[in-house]
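Take a look at the letters that make up each chain.
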Amino acid sequence: MLTAAAALLVGVLVLVRLAGAGQFTAALWEPFTYEGVQRRILTGVVDTLTAFALAAVLSLLLGPLLAGGTLARHRPVRVTATTVVAFLRAVPVLILVFTLYNLTALRLLLDRTGTTLSGHLGDAGTWAAAHVSDVTLWALVLGVALHNGAVQADILRSGIRAVPRGQVEAARALGMSRTQTAWSVVLPQAVRAMLPSIVAQLAVTLKDTSLGFIIMYEELLYVGKLLAQNIATPRGYPYLPVLFVVGLLYVAMCLAISALARRLARRSARAPNVSRDPEESRR
């Protein structure tokens, strides 16, 4: 109770100081009525969602591969996959992104891919090359995808281990191979059980894209930084209004993903806990 009261008091004092500094005056908020500023913010949102979509797809593809590797029968594969997952989870996302951004091999690969596209596809290839060869985009996407893919692997591994052993044995008794058992019996149940956690992790993936401002990828946070530093008003630079607007947009996007996770959790809780019939899978 005392902690909450102290936090409330500090918040009130901060607001009073900000109001005294003129951070709530209309002049600082007026730039957001300009069409150019609105379009710039919209572009930042689009670039953020682009990086998020690519990173989310790659992490969801990488997760099952790493999860399968950590549960493999062959010890070298299992040890290698477990080491990779532990390494990717331990290394901060910022270091992964910054390392990939300064990786010469990645720049050469993107340049070569862009040149190939522009040379074979004409105008469409030129447009595609301009996006494919953007090293800031792919350094951010790959760094975020590698880290979150390792997290998704741990989530899936937990779901796979939660599948009753008897179902695996029943599928094997029906003549299904290990691969058929994994893909037709075990994995669907693991995904269904862990779907809320998988979707919730996507909200983390979205927030991780904000690290793109370090390498000057023009996502929402970087756009906000540029606006705050380059828009002058009679009352100074609009740092607080920009922070409020950018933060509100991030909160809205994350809340949308969190709402999806909660809805999936409710549907999963209402659904009958009936496993897929191995005989049906075999057919």
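Calculation criteria
- Residues numbered from 1 in each chain as written.
- Predicted model: local features only at pLDDT ≥ 70, side-chain atom pairs only at ≥ 80, totals over all residues.
- Heavy atoms only, no water.
- Core = buried A, V, L, I, M, F, W, Y, C linked by side-chain atoms within 4.5 Å.
- Buried < 20%, exposed > 50% of the residue type's maximum accessible area, 1.4 Å probe, protein only.
- Helix = DSSP H or I, 4+ residues; strand = E, 2+ residues; numbered from the N terminus.
- Contact = heavy atoms within 4.5 Å.
- Salt bridge = Lys/Arg side-chain N within 4 Å of Asp/Glu carboxyl O.
- Axes fitted to C-alpha atoms, helices over the stretch in contact; angles between N-to-C directions.
- Left-handed = near helix turned anticlockwise from the far one by under 90°.
- Nonpolar A, V, L, I, M, F, W, Y, C, P; charged D, E, K, R; others polar.
- Polar contact = N/O pair within 3.5 Å; in protein donor to acceptor, adjacent residues only side chain to side chain.
- Patch = residues over 30% accessible without salt bridge, like charges linked within 9 Å, V, L, I, M, F, W, Y side chains within 5 Å.
- Areas by Shrake-Rupley, 256 points an atom, 1.4 Å probe, with all protein chains shown as cover.
- Lys, Arg positive; Asp, Glu negative; His and termini not counted.
- Charge placed at Lys NZ, Arg CZ, Asp CG, Glu CD.
- Parallel < 35°, antiparallel > 145°, perpendicular 65-115°, else oblique.
- Expected span 1.5 Å × (residues − 1).
- Bend = angle between axes of the 7 residues up to and from the residue.

Enquirer: Hey, could you run me through the nonpolar core in this one?
Expert: The tendency in soluble globular proteins is for nonpolar side chains to be buried side by side. Within the largest apolar cluster, 24 residues are counted, with the highest numbers of intra-cluster contacts made by Ile41, Leu220, Leu227 and Ile257. Every element with two or more residues in this core is listed here: helix H3 (35-70), helix H10 (178-208), helix H11 (220-230) and helix H12 (239-270). Other than its neighbours up to four places away in sequence, Leu220 contacts Ile41, Gly44, Val45, Thr48, Val246, Leu249, Tyr250 and Met253. In terms of nonpolar packing, the next biggest core, distinct from the first, is built from 17 residues, Ala55, Val97, Tyr101 and Ala139 among them.

Enquirer: Is there a simple way to think about the pattern of salt bridges in this case?
Expert: Side-chain pairs of opposite charge can arise whenever the charged atoms involved come near each other. One pass over the structure, following the stated rule, counts five salt bridges. Here Glu35 makes a salt bridge to Arg39, at a shortest N to O gap of 2.5 Å. One end of the pair, Glu35, and the other, Arg39, are both in helix H3, four residues apart, so they sit about a helical turn from each other. Judged by its relative accessible area of 54%, Glu35 falls in the exposed class. In this structure, Arg40 and Glu218 form a salt bridge, with 2.9 Å as the shortest nitrogen-oxygen distance. Here Glu218 lies in the loop between H10 and H11 and Arg40 lies in helix H3, a separation of 178 residues in the sequence.

Enquirer: Even after reading the chapter, I still don't get the packing of helix H9 (residues 165-173) against H10, so can you show me in this structure?
Expert: Working note: a packed helix pair is described by the angle between its axes plus the distance between those axes. Running from amino to carboxyl end, H9 crosses H10 at an angle of 145 degrees, the nearest separation of the two axes being 10 Å. The handedness of the crossing between H9 and H10 is right-handed. Along its contact with H9, which presents Gln167, Val168, Ala171 and Arg172, the element H10 presents Arg178, Thr181, Val185, Val186 and Gln189. Among the residues forming the contact of H9 with H10, the class breakdown is four nonpolar, three polar and two charged.

Enquirer: Help me understand the side chain of Thr48, please; the structure alone is not making it clear to me.
Expert: Its place among the elements puts Thr48 in helix H3. Polar contacts involving the side chain of Thr48 include one to the main-chain carbonyl oxygen of Gly44, which spans 2.9 Å. When sequence neighbours within four positions are dropped, the list of residues in contact with Thr48 reads Leu206, Thr209, Glu219, Leu220, Tyr250 and Met253.

Enquirer: Explanation requested: a positive patch on the surface in the structure shown.
Expert: A grouping of Arg262, Arg263, Arg266 and Arg267 is seen on the molecular surface, where their side chains present a positively charged patch. Secondary-structure assignment places Arg262 in helix H12.

Enquirer: Before we go on, may I ask you to explain the packing of H3 against H10 in this structure?
Expert: The geometry of H3 relative to H10 is characterised by a closest axis approach of 9 Å and an angle of 135 degrees between their N-to-C directions. By the angle class used here, H3 and H10 are oblique. Between H3 and H10 the crossing geometry is right-handed. Counting all contacts with H3, which are made through Thr48, Phe52, Ala55, Ala56 and Leu60, the residues of H10 involved are Ile198, Leu202, Thr205 and Leu206.

Enquirer: Which parts of the structure should I look at to understand H10?
Expert: An α-helical turn contains 3.6 residues, so a residue and the one three or four places further along point in the same direction. Over its 31 residues, H10 runs only 36 Å from end to end, short of the ideal 45 Å by more than 12%, given 1.5 Å per residue. Along H10, the sharpest change in direction is near 65 degrees and occurs at Met194; proline Pro196 comes one to four residues later.

Enquirer: Explain a nonpolar patch on the surface to me, please; I cannot follow it from the model alone.
Expert: Together, Leu8, Val12 and Val16 make up a nonpolar patch on the protein surface, roughly 280 Å² of accessible area in all. Secondary-structure assignment places Val16 in helix H1 (residues 2-20). Since its relative accessible area comes to 52%, Val16 is described here as exposed.

Enquirer: Could you clarify how one ought to interpret the environment of Val132 in this entry?
Expert: Within the secondary structure layout, Val132 lies in helix H7 (residues 122-132). Exposure remark for Val132: the relative accessible area of 22% places this residue in the partly exposed category. Counting along the chain gives 17 residues from Val132 to Thr115, while the straight-line C-alpha distance between them is 9.9 Å. Discounting chain neighbours no more than four positions away, the residues touching Val132 are Leu110, Thr113, Leu117 and Trp138.

Geometry only, nothing functional implied.
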